[in-house]
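Descriptive analysis of the structure
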Amino acid sequence: MKPSILLTIMMTVISGTMIVLTSSHWLMVWIGFEMNTLAIIPILMKKSNPRAIEASTKYFLTQATASMILMMGIAINLLYSGQWTLSKTLHPAASAMMTIALAMKLGLAPFHFWVPEVTQGIHMSSGLILLTWQKIAPLSILYQISPAINPNLLLPMAIASVLIGGWGGLNQTQLRKILAYSSIAHMGWMAAITLYNPTMMVLNLTIYIIMTLTTFMLFMYSSSTTTLSLSQTWNKTPLITSLILMLMLSLGGLPPLSGFIPKWMIILELTKNEMIIMPTLLAITALLNLFFYMRLTYTTTLTMFPSTNNMMMKWKFDSTKKMIFLPPLTVISTMLLPITPLLSILD
């Protein structure tokens, strides 16, 4: 793809999200979603092969269906309220349809099936955009309509997402699918807290995006797409291998790493709202995620690829990829825990 074309498409993706973020009119929100969806398709098909085309088609069909349901919700709300404005009071039917549409766009269970398939079929850099930037617009609308959302609809989807995000990743060897299931689980945590403290959801989203961005960049730097190729990185890039170890544990939410902050604060907030079963279920199902991160950690860092001699074999070329943002991103992804009191004040 020519740089000028790529720049135009990227600007359309960014402006689509920005229109959604800044609009107070439902039609403009819908147009922003459509711009974003149509512009991301060429990015997903950047490496044109049958798998990428199939993945892009699946993504397009899912997003088109979600947009249709969203527009129907907007029309129902217009019918009953007579206004296009994004307000905190919605008709119950409109609210339910909008929640379902946004859940489809985010990949919340039971609308999660497209996420692993699409992520696996596309290039690593496209997967990075899909699992980070593409989550911002739907979550911003979920944030704005949070007072009108039916808890009986969103909370079961949140618990199911965390559960499926943990179970689905247990048997995977493909890194992109593991990150896709990780994304489903994180979306579940965000959906769970949206009803009680939407600001906490923004904090969770920020930390999730930073951690996922860093993980993708490390995988791209070491040219790893499977656990097998990841298990051979110790040979050439031992530092990258140890960084992957820390990042996996941070994604799993182990203290004292950054990934522990959102989980800790969400469980605290839910407990403050006199909910006991919900945070308990979330904490237990998070152990499933932790298991497959630990498995990745084990294959990457704690096992050595068998070699017939005691020499470190230099069979891989040096990486020429420029990753200038990797050091600060790695620091943020692992060492934010000491500033938790500040974050709690902001909330």
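Below or above, wherever it landed, is the structure these notes cover. In this text, all values refer to a predicted model and were calculated from it rather than measured experimentally.

Two packed helices can be described by the angle between their axes and the distance between those axes. Two elements in contact, helix 9 (residues 175-194) and helix 13 (residues 260-272), have axes separated by 10 Å at closest approach and are oriented at 30°. On the basis of their axis angle, the class for helix 9 and helix 13 is roughly parallel. Crossing geometry of helix 9 relative to helix 13 is assigned as left-handed. Residues H186, W189, A192 and I193 of helix 9 form the contact with helix 13, whose participating residues are K263, I266, I267, E269 and L270. A class-by-class count of the residues in the contact of helix 9 with helix 13 yields six nonpolar, one polar and two charged.

Right, let's talk about the environment of I14 for a bit. Examined against the element boundaries, I14 turns out to sit in helix 1 (residues 3-22). Looking at I14, the relative accessible area reads 31%, which means it is partly exposed. Through-space distance from the C-alpha of I14 to that of L79 is 31 Å; in sequence the pair is 65 residues apart.

This structure, assessed with the given rule, holds three aromatic pairs. Ring centres of Y59 and W114 lie 5.4 Å apart, and the angle between their planes is 65°; on these two criteria the pair is classed as edge-to-face. With Y59 in helix 3 (residues 50-81) and W114 in helix 5 (residues 114-121), this residue pair connects regions lying 55 residues apart in the sequence. On the accessibility criterion, W114 (7% relative accessible area) is buried. With a centroid separation of 4.9 Å and an interplanar angle of 55°, the aromatic rings of F292 and Y293 are classed as tilted. Taken as a pair, F292 and Y293 share a single burial class, namely buried. One cation-aromatic arrangement involves K263 over W189; the distance from NZ or CZ to the ring centre is 5.2 Å.

Quick look at the environment of M157 now. The topology assignment puts M157 in helix 8 (residues 151-169). Along the sequence, M157 and G169 sit 12 residues apart, while their C-alpha atoms lie 18 Å from each other. For M157, the contacting residues outside a window of four places in its chain are T99, A103, A109, P110 and F111.

Turning our attention to a nonpolar patch on the surface. Together, L7, M11, I14, M18 and L21 give the surface a local cluster of nonpolar side chains, amounting to about 430 Å² of exposed area. Mapped onto the secondary structure, M11 falls in helix 1.

At a minimum axis separation of 10 Å, helix 4 (residues 92-106) and helix 8 run at an interaxial angle of 20°. Classed by the angle they form, the pair helix 4 and helix 8 counts as roughly parallel. The two elements helix 4 and helix 8 meet at a crossing, and its hand is right-handed. Every residue of helix 8 that contacts helix 4 at A96, T99, I100 and A103 is listed here: L153, L154 and M157. Grouping the amino acids of the contact of helix 4 with helix 8 by side-chain chemistry returns six nonpolar, one polar and no charged.

The rules behind these values
- Residues numbered from 1 in each chain as written.
- Predicted model: local features only at pLDDT ≥ 70, side-chain atom pairs only at ≥ 80, totals over all residues.
- Heavy atoms only, no water.
- Axes fitted to C-alpha atoms, helices over the stretch in contact; angles between N-to-C directions.
- Helix = DSSP H or I, 4+ residues; strand = E, 2+ residues; numbered from the N terminus.
- Parallel < 35°, antiparallel > 145°, perpendicular 65-115°, else oblique.
- Left-handed = near helix turned anticlockwise from the far one by under 90°.
- Contact = heavy atoms within 4.5 Å.
- Nonpolar A, V, L, I, M, F, W, Y, C, P; charged D, E, K, R; others polar.
- Buried < 20%, exposed > 50% of the residue type's maximum accessible area, 1.4 Å probe, protein only.
- Phe/Tyr/Trp six-rings, centres within 6.5 Å; stacked < 30°, edge-to-face > 60°.
- Lys NZ or Arg CZ within 6 Å of the ring centre and 35° of its normal.
- Patch = residues over 30% accessible without salt bridge, like charges linked within 9 Å, V, L, I, M, F, W, Y side chains within 5 Å.
- Areas by Shrake-Rupley, 256 points an atom, 1.4 Å probe, with all protein chains shown as cover.
- Salt bridge = Lys/Arg side-chain N within 4 Å of Asp/Glu carboxyl O.

By themselves these figures say nothing about function.
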